[in-house]
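# Structural characterization, general
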Amino acid sequence: MESKRTGQITGKYGLRLFTAIFLTVVLWLFGAHTCAYGAQNINISIAAGFDGKCRLGGVNPVAVSVEGTGEDWEGTLTVVAEGRNYSHGIKIPKYCRKSFVFSIPFFKADSKISAGLESGGKAVAGADFSPEMLPENSVLIGILSDTPETFAYAAGIDLDALGGKKAHVVRLDKDFAYSGEELENFNFILVDDFDGTDLAAESGKTLERWIRRGNCLLVGAGQYAYKNMKGLFEDLTGPRSVGDGVIVPVPEGLENKTPEFVEEVLQKYATPYGISKIVGESGLTRQLREVEKLYPASDGRLRPTADALFFLLSLLALYLLAAGTALCLDKKLHWLFSAVVAGFCGIFYIAALWGGVQDTSAAAAAVKIHEKGNTSRRYTLTGVYPRGEGKISLKWPEASFLCNCGQDQGVEDPLEMESGFAGKGPHYAYGMGLEPSEAAVFKLDLDQGEVLTGKIKNPLPYKLCQCFLLLGDTVISLGDLEGREEVRVKYRLDHNLRSLSEYNFLDTISRTARMEEGQQLLFEHYYYGLEDGAPGGRLLGFADGTERVQVDGRARSIRSTVLHVFPAELNAPEGEVYFPCGYIAPVPDPGENTAPAGKKEYLPGQGEELPVYYVLPPDIRAEEIQFYGVPEKGAGTLEVFDRKQGSWRELEGNSLSGDSLDRCTAGGPLKIRITGASRVILPDISLKGAYDPKGEKGTAGGQS
Amino acid sequence: MIEILNIGKENKLIITVYIALLSVVSTAYFLLVAMRAEGYDPEAWGKAYMYFMLFSFVLFSVLLPFWKTGGAGRGKYLKMLGGVLVFTLSPIPLILMILVLGKLSGVNFMLVLAVQALWGTGLLSFKSALEALRIKKWKGFLLAVFIFAVLVLLPVFLYFFVEYNRTVITTVFDKRIPFLFLLNPLHSAAGLLNAQTGGQVQGGYMPYPACLLFWTLFSCVNMAISIKYPQVKERRRNRT
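Just so it is clear, the structure is predicted and the values come from calculations on it, not from any experiment. (Residues numbered from 1 in each chain as written. Chains lettered and ligands numbered in written order. Predicted model: local features only at pLDDT ≥ 70, side-chain atom pairs only at ≥ 80, totals over all residues. Heavy atoms only, no water.)

A count of helical and extended segments in chain B gives nine helices and zero strands. From first element to last, N terminus to C terminus, chain B shows the α and β order α-α-α-α-α-α-α-α-α. Taking the intrachain contacts of chain B between residues at least 6 apart in sequence as the baseline, contacts between residues at least 24 apart amount to 77%. By element, 69% of the accessible surface of chain B is carried by carbon and sulfur atoms, the whole surface being about 12,000 Å². (Helix = DSSP H or I, 4+ residues; strand = E, 2+ residues; numbered from the N terminus. Contact = heavy atoms within 4.5 Å. Areas by Shrake-Rupley, 256 points an atom, 1.4 Å probe, with all protein chains shown as cover.)

What follows covers the sheet that holds strand β39 (residues 655-657) of chain A. Residues and elements named next belong to chain A. Strand order in this open sheet of four strands is β31-β42-β36-β39, and the pairing throughout is antiparallel. This sheet does not close on itself; its edge strands, each paired only once, are β31 (576-584) and β39. Averaged over neighbouring strand pairs, the angle between their axes works out to 20° when direction is ignored. In the sheet, strand β36 (residues 620-628) pairs with strand β42 (residues 684-691) via eight bridges, with the strands oriented antiparallel. Bridging across to β42, A622 finds its partner in G689. Its contacts with the sheet place helix α13 (residues 658-665) against β36 and β39, and it is angled at close to 90° to β39. (Pairing = 2+ DSSP bridges. Axes fitted to C-alpha atoms, helices over the stretch in contact; angles between N-to-C directions.)

All right, on to the interface of chain B and chain A then. In this complex, chain B contributes 37 residues to the contact, which on the side of chain A involves 35 residues. Between chain B and chain A the total buried area reaches about 3,400 Å² when both faces are included, carbon and sulfur atoms providing 73% of it. In this structure, the connection of chain B to chain A is made through zero salt bridges. At the boundary of chain B with chain A, the tally comes to one residue pair in polar contact (both at pLDDT 80 or more). If you list the elements that add at least two residues to the side of chain B that touches chain A, you get α1 (9-32), α3 (75-89) and α4 (92-101) of chain B. Tallying contributions element by element places α1 of chain B first for the side of chain B that touches chain A, with 11 residues. (Buried area = accessible area lost by both parts, 1.4 Å probe. Salt bridge = Lys/Arg side-chain N within 4 Å of Asp/Glu carboxyl O. Polar contact = N/O pair within 3.5 Å; in protein donor to acceptor, adjacent residues only side chain to side chain.)

We now examine the domain arrangement of chain A. All names here are of chain A. The domain architecture assigned to chain A consists of domain 1 (1-39), domain 2 (43-130), domain 3 (136-279), domain 4 (308-354), domain 5 (358-571) and domain 6 (577-691). Look at where the C-alpha atoms of domain 3 and domain 6 centre, and you get two points 27 Å apart. In this assembly, 14 residues from domain 3 lie in contact with 11 residues from domain 6. Roughly 910 Å² of surface becomes buried between domain 3 and domain 6 when both sides are summed, with 63% attributable to carbon and sulfur atoms. Looking only at domain 3, the three residues that lose the most surface to domain 6 are Q267, I275 and V279, adding up to 45% of its buried area. Inspection of the domain 3/domain 6 interface yields zero salt bridges. One can count one residue pair in polar contact (both at pLDDT 80 or more) joining domain 3 with domain 6. For the side of domain 3 that touches domain 6, the secondary structure elements donating two or more residues are α5 (259-268) and α6 (272-279). (Domains from an automatic or database assignment.)

Next up on the list: the packing of aromatic side chains. Summed over all chains, the structure comprises 38 aromatic pairs over all chains. Seen from their ring centres, F523 of chain A and Y526 of chain A are 6.3 Å apart, and the 45° between their planes marks the pair as tilted. Here F523 of chain A pairs with Y526 of chain A, and both are found in helix α12 (residues 517-530), just three residues apart, close to one helical turn. Assessed through its relative accessible area of 3%, Y526 of chain A is described here as buried. Measuring from centroid to centroid gives 6.4 Å for F146 of chain B and W215 of chain B, while their planes differ by 75°, and the two rings are edge-to-face. Within this pair, whereas F146 of chain B is found in helix α6 (residues 139-165), its partner W215 of chain B is found in helix α8 (residues 207-228), the two being separated by 69 residues in sequence. (Phe/Tyr/Trp six-rings, centres within 6.5 Å; stacked < 30°, edge-to-face > 60°. Buried < 20%, exposed > 50% of the residue type's maximum accessible area, 1.4 Å probe, protein only.)

All names here are of chain A. By the definition in use, this model includes 36 salt bridges over all chains. Among the ionic pairs, R212 bridges to E208, the shortest N-O distance being 3.5 Å. On the criterion of helical spacing, the pair formed by R212 and E208 is a turn pair, its members being four residues apart in helix α3 (residues 201-212). When its relative accessible area of 16% is taken as the criterion, R212 is described as buried. Its relative accessible area of 30% is what places E208 among the partly exposed residues. The salt bridge involving E569 is made with K372; its shortest N-O contact spans 3.3 Å. Of this pair, E569 sits in strand β30 (residues 554-570) while K372 sits in the loop between β17 (361-370) and β18 (375-385); the two residues are 197 residues apart in sequence, bridging distant segments of the chain. Linked through salt bridges whose partners overlap, the residues forming this network are E281, R289, E290, K293 and E524.

Here we take up the packing of helix α7 (residues 185-196) of chain B against α8 of chain B. Residue and element names in this part refer to chain B. Two numbers describe how α7 lies on α8: the axes approach to 10 Å, and their chain directions differ by 150°. On the basis of their axis angle, the class for α7 and α8 is roughly antiparallel. Viewed along their axes, α7 and α8 form a crossing whose handedness is left-handed. Residues P185, S188 and L192 of α7 touch α8, and the partners they reach there are P207, Y208, C211 and W215. (Parallel < 35°, antiparallel > 145°, perpendicular 65-115°, else oblique. Left-handed = near helix turned anticlockwise from the far one by under 90°.)

All names here are of chain A. Within the secondary structure, V565 sits in strand β30. Separated by 84 residues in the primary sequence, V565 and R649 place their C-alpha atoms 39 Å from one another. When sequence neighbours within four positions are dropped, the list of residues in contact with V565 reads V367, K368, I369, H370, Y526, R538, L539 and L540.

What follows is about the sheet that holds strand β32 (residues 587-588) of chain A. Pairing in this open sheet of five strands is antiparallel, and the strands run β32-β35-β40-β37-β38 (chain A) from one edge to the other. Where the open sheet ends on each side, the last strands, each with one partner, are β32 and β38 (647-650) of chain A.

The pLDDT averaged across chain B works out to 83; a share of 88% of its residues lies at or above 70. By mean pLDDT, the top-scoring element of chain B is α1 of chain B (92), and the lowest-scoring one is helix α9 (residues 232-239) of chain B (52). (pLDDT = per-residue confidence, 0-100.)

Turning our attention to the packing of helix α9 (residues 306-328) of chain A against α4 of chain B. Describing two packed helices takes the angle between their axes plus the distance from one axis to the other. Their axes nearest at 11 Å, the elements α9 of chain A and α4 of chain B cross at an angle of 175°. Judged by the angle between their axes, α9 of chain A and α4 of chain B are roughly antiparallel. For the pair α9 of chain A and α4 of chain B, the contacting residues are A308, L309, L312, L313, L316 and Y319 of chain A in the first and P93, L94, M97, V100 and L101 of chain B in the second. Its residues assigned to classes, the contact of α9 of chain A with α4 of chain B comprises 11 nonpolar, no polar and no charged. (Nonpolar A, V, L, I, M, F, W, Y, C, P; charged D, E, K, R; others polar.)

This part covers the state of the cysteines. All names here are of chain A. Under the defined criterion, the tally for this structure stands at zero disulfides over all chains. Free of any disulfide, C54 has its nearest cysteine sulfur in C403, 17 Å distant. Of the residues examined, C54 reaches a relative accessible area of 0% and is grouped as buried. (Disulfide = S-S within 2.5 Å.)

Bringing the nonpolar core into the picture now. If you look at the biggest cluster of nonpolar residues, it comprises 123 residues, and the most contacted ones within it are F468 and F523 of chain A together with Y49 and W119 of chain B. The residue makeup of this core includes at least three contributed by each of domain 4 (308-354) and domain 5 (358-571) of chain A. Beyond its immediate stretch of four places on either side in the chain, F523 of chain A contacts F468, L470, L506, I509, M515, L540 and L563 of chain A. One finds L444, L446, V640 and L651 of chain A within the second-largest nonpolar core, a separate group that totals 49 residues. (Core = buried A, V, L, I, M, F, W, Y, C linked by side-chain atoms within 4.5 Å.)

Quick look at the pairing of strand β35 (residues 609-614) of chain A now. Successive residues of a regular strand alternate their side chains across the two faces of the sheet. Residues and elements named next belong to chain A. With five of six residues buried, β35 is to be regarded as a mostly interior element. For β32 and β35, the ladder comprises two bridges, and the chain directions are antiparallel. Residue pairing across strands places P588 opposite V612, the latter belonging to β35. Judged from the six bridges that link them, β35 and strand β40 (residues 670-675) form a sheet pairing that is antiparallel. Considered in β40, the bridge of P611 is made with R673.

Moving on, we come to a nonpolar patch on the surface. On the surface, a cluster of nonpolar side chains totalling about 630 Å² of accessible area is made up of F148, V152, L153, V156, F157, Y159 and F160 of chain B. For F160 of chain B, a relative accessible area of 44% corresponds to the partly exposed category. (Patch = residues over 30% accessible without salt bridge, like charges linked within 9 Å, V, L, I, M, F, W, Y side chains within 5 Å.)

Below, the structure is given as structure tokens:
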């Protein structure tokens, strides 16, 4: 009876309880759903470039700002630009706003950038931005100042002496967060009315690297000298060479001046790198165009090594020996033969696993350019060769720039420096990173009889193969240098590269240095993509080694082949300077109608002229300049620009000296033009002069 | 168990000669051709792997008729299987060498060796079936003709068929090849190898399991015959 009643009660309450629970669950599910929708009112905004201006052929900052609401949000931030996909996993705590800066290169003029947020495969929010695209060879000027309105005149700077491009002005904050590559978009930086110590530590380092790379920075040394000359700009009594670049103090100050005034200073102190940024293609465009040359160099590192082969052959010999022995011992131990077969299968299988047959193969080819001052830039192409068609990722955390190459673009994460690929391999990624370097600049002596003497030491602890010295128009083979080996050099320059066509030039170098095919390609990548015309010689050598990257999240050592490039300079004994032919490289300014046939050859159109610049180092006073490779009479005329008169005149003989030379080099680089030639091999110059640290363009601070 | 591994001295000699020949060929290839190449060509290594497997398959078929199938009773067949297994698996170190040096990852060579093992079993069981049917005098000859017919005549007739029908064949496992020709274990192995080293696979992998099945059935039929008709010698011995 009781139980029946209980049963009834339980039944009644049971039903109600059940309904209650059911409704609660349903409501909770719906509620949670709505809450999720509520949290997805997440805001995203995007701004790109420098004050909205992006530079073609350069790496530009794209800043995406995400503002969360109500709930913690986790998902992926994607950016699509020019058909390339970038993504980065993000977490936004509730009520937080976070900003992410993607370093993205742009190459096409009509680019639109779209950013989006994705969670669980669904797009949640998006934003678009169309930046103003500045052409590749435009002039971008940065201003570091507390009163930027005094630099309003800078927008009128018109560098027609350097190619006639109008300038764009962008203000830099004292804690600008641009990376090294992003700052490279700037051609010049002007500093005045700015406390040098205000510069944030990271920004200061980036700025110094920018100068060292070969750029020119002007500092006001007028009424605000007391304020400016601190930190990086301390103790400047005259223009100072820093690495390949220059810091120039301007005694009149830089505020409220005229465009012409600044134009004059910029022209006087322009570096070859600075000029090539204005007149030629951007470095990034050149590098990515030449990157395919590195594919075979990287693939070649997957070749089986002789060590591996002989190890396996010796194991094989053991196998045969053991099988033969088991055969002979058949009467006593008839199970031995099968055991030998099984055993050696196992041994070889272990050897195969150890040799990495189950791993994804990867290899790298790199060019490492050692700079003055214990730093080096490394440009690496990494290739991965996946087994199947699944996803694979490659990460190089120390890189400052990484991008995917080839047709299958995949997905990149510029904040983590990670490249993701899918599909059948091989896949390649090209990146740039900064590394410390122990190399010092080689100093060699060259006397008037053209005999080169000096000591060359391999600064690396491992062997450098096929080393050669490129000095102007001479290539000297030095063979292999063991780790830290020092050799004495005494050679007469034989000018074996003078006035050669492009193909013969490269062929002579590769034959003299006895390069293999992969090494030839590495050298060509350097020559066409990375060599930027700083004066001086180069010592180059190849080294096979290993590199650390992360493939699919696992750190691995992969085989690599590296071309090391060291700077070599000539001493100036007793203040006398002799730069052999080609030591100072020509910087051409081809217009649209001049087709390049390589780096040294050009094919100007009908009636076109080809201007060429020769930038003399600021601490040299030239007394005589000799030209080589001048077009013959009838095949074209070479004219020199007289700056003092502001007119062109034809070159007499093949040299310039004395007063006529001074008129051409006062206040700017030596400028020539070649007219009426259908095929031009750029002429080279040799220079005789004096070391003049306190001259008109002196460097009181010395080299640093 | 240990008795299964007792292959017999002559057979061990055959296996040793087999491995020695393959070692000579592959070593010569490595030293004279592969190490002299300037760059790295994964396709060339894939082809090397494929041709090596096919070469070892052919050599296997040539050497197998000389295999001595001795012994009595049920143990005989286990011994035969064990022997074929050791014979087939003996060149694995060489295969692994090619895979390691050529950086070919994820290649499952055991599948191809499975075809080879079943083909070997089929041949040996055929031989013992012939013995059971008392065709002693022509046994070796018939075996050789059989091997020739399967490995060589089938492809030749495939060629005739293609020309007669004017079909176009693009790859090893082409859809248009009639099923009969795909029973050739060499053809199946070649198709499988082609797919493993990156070639096109048109008809899917269907021919391969079918081929395995066929040769398994063939072996079973032969073994059934030779069990049903035990050897005359034995019967005579039993009588006297």
